[in-house]
Amino acid sequence: MKWIVGLGNPGAQYKDTRHNVGFMVVDELAKRWSITLTPQGKHRAVIGEGNVGGQKVALIKPMTYMNLSGEAVRSFLDYYKADLADGIIVYDDLDTEIGKLRLRYQGSAGGHNGIKSLIQHLNTQSFNRIRMGISRPQPGIVISDYVLANFPKAERDKLSHMIEQACDAVEFGLKAPFEETMAKFNR
């Protein structure tokens with residue numbers, strides 16, 4: 001089974017924030033693939049399962065809040081006996097320009113608390129990732145305020161395009177090795 005985790009924070013107040021681009025991608029994939037996402041209390045996540053081009057797929061949105069994302073992912077992996085290599089984690093990245101993607105299969109958390117939690121609970125820094133650019137804030141703006149703010153209108157087109165690109169990368173990654181997906185989408 002292939003599985004895709006979008007990182008974000010639950011609750012209406014966080015829905016359109018920079019920190020929730022991972023959730024936005026999972027929601028868009030659920031629409032594309034006609035997969036219904038439902039709360040799974042035992043995993044502390046919203047999960048949807050489906051079949052995409054003959055491939056069994058799970059979409060996951062941890063409901064633990066960003067800083068504890070690894071708990072929900074670990075619970076899912078243990079329950080489904082899913083392989084770490086079959087997953088893709090989608091999340092926001094301050095060090096990538098708004099609208100751009102960076103795919104990687106390993107690396108540090110780079111200050112991202114959701115990734116810190118994943119590294120802690122998965123006991124590795126090696127897992128497939130799609131980093132979605134949200135750019136750094138202007139000097140003087142507190143990072144936590146910035147990532148929990150909504151995207152301004154001026155960035156909406158770039159955001160929509162980036163979500164489409166991330167979904168395309170995930171779809172491509174269902175059929176191809178992640179190295180090939182990286183080569184195609186890291187432009």
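Relevant structure appears above.
Since the model is a prediction, treat every value here as computed from it, not as a measurement.

Asker: Which parts of the structure should I look at to understand the nonpolar core?
Answerer: Across soluble globular proteins, nonpolar side chains have a tendency to be buried as a group. Judged by nonpolar contacts, the single largest core of 35 residues is most densely connected at Ile4, Trp33, Leu59, Ile130 and Met132. Elements that contribute at least two residues to this core include exactly helix 1 (21–33), strand 4 (55–62), strand 5 (87–93), strand 6 (101–106), strand 7 (126–133), helix 4 (143–147), helix 5 (156–175) and helix 6 (178–185). It is helix 5 that provides the largest number of residues to this core, a total of 8 residues. What Met132 contacts, discounting residues up to four positions off in sequence, is Val21, Val25, Val90, Tyr91, Asp92, Asp93, Lys100, Leu101, Met162, Ile163 and Ala166. Membership of the second largest hydrophobic core comes to 21 residues, among which are Trp3, Ala58, Ala72 and Ile119.

Asker: Would you take a moment to explain the packing of helix 5 against helix 6 for this structure?
Answerer: Axes are the key here: two packed helices are described by the angle between their axes and the distance separating the axes. One can describe the packing of helix 5 onto helix 6 by two numbers: an axis separation of 9 Å at closest approach and a directional angle of 150°. Judged by the angle between their axes, helix 5 and helix 6 are roughly antiparallel. Here helix 5 and helix 6 pass one another in a crossing that is right-handed. Contact residues: helix 5 offers Gln165, Asp168, Ala169, Phe172 and Gly173, while helix 6 offers Glu180, Thr181, Lys184 and Phe185. Among the residues making up the contact of helix 5 with helix 6, the classes are represented as 3 nonpolar, 3 polar and 3 charged.

Asker: Looking at this model, I keep getting lost on the packing of aromatic side chains. Mind explaining?
Answerer: The description of an aromatic ring pair uses the distance of the two centres, along with the angle that the planes make with each other. Overall, the coordinates contain 5 aromatic pairs when judged by the stated rule. For the pair Trp3 and Phe76, a centre-to-centre distance of 6.2 Å together with 55° between the ring planes defines the contact as tilted. Taken together, the positions of Trp3 in strand 1 (residues 2–6) and Phe76 in helix 2 (residues 69–80) put the pair 73 residues apart, joining distant regions of the chain. Like Trp3, the residue Phe76 is buried in the burial classification. Taking the centre distance of 6.2 Å and the plane angle of 85° together, the rings of Tyr14 and Tyr65 count as edge-to-face. One end of the pair, Tyr14, is in the loop between strand 1 and helix 1; the other, Tyr65, is in the loop between strand 4 and helix 2, and 51 residues separate them in sequence. On the accessibility criterion, Tyr65 (41% relative accessible area) is partly exposed. Taken together, the aromatic side chains of Trp3, Phe76, Tyr79 and Tyr80 make up a single cluster linked through ring pairs. Above the ring of Tyr146, the side-chain terminus of Arg18 is found at 3.9 Å from the ring centroid.

Asker: Help me understand helix 6, please; the structure alone is not making it clear to me.
Answerer: Residues separated by three or four positions in an α-helix point in the same direction, a consequence of the helix having 3.6 residues per turn. Those residues of helix 6 that fall on the buried side of the exposure criterion are Phe178, Thr181, Met182 and Phe185. Angular distribution of buried residues about the axis of helix 6 spans 100°; they occupy a single face of the element. For helix 6, the exposed residues set more than 90 degrees away from the buried face come down to Glu179 and Ala183. Looking at the buried side of helix 6, the elements it contacts are strand 5, strand 6, strand 7 and helix 5.

Here is what the cut-offs are and how they apply
- Residues numbered from 1 in each chain as written.
- Predicted model: local features only at pLDDT ≥ 70, side-chain atom pairs only at ≥ 80, totals over all residues.
- Heavy atoms only, no water.
- Core = buried A, V, L, I, M, F, W, Y, C linked by side-chain atoms within 4.5 Å.
- Buried < 20%, exposed > 50% of the residue type's maximum accessible area, 1.4 Å probe, protein only.
- Helix = DSSP H or I, 4+ residues; strand = E, 2+ residues; numbered from the N terminus.
- Contact = heavy atoms within 4.5 Å.
- Axes fitted to C-alpha atoms, helices over the stretch in contact; angles between N-to-C directions.
- Parallel < 35°, antiparallel > 145°, perpendicular 65-115°, else oblique.
- Left-handed = near helix turned anticlockwise from the far one by under 90°.
- Nonpolar A, V, L, I, M, F, W, Y, C, P; charged D, E, K, R; others polar.
- Phe/Tyr/Trp six-rings, centres within 6.5 Å; stacked < 30°, edge-to-face > 60°.
- Lys NZ or Arg CZ within 6 Å of the ring centre and 35° of its normal.
- Arc of directions from axis to C-beta.

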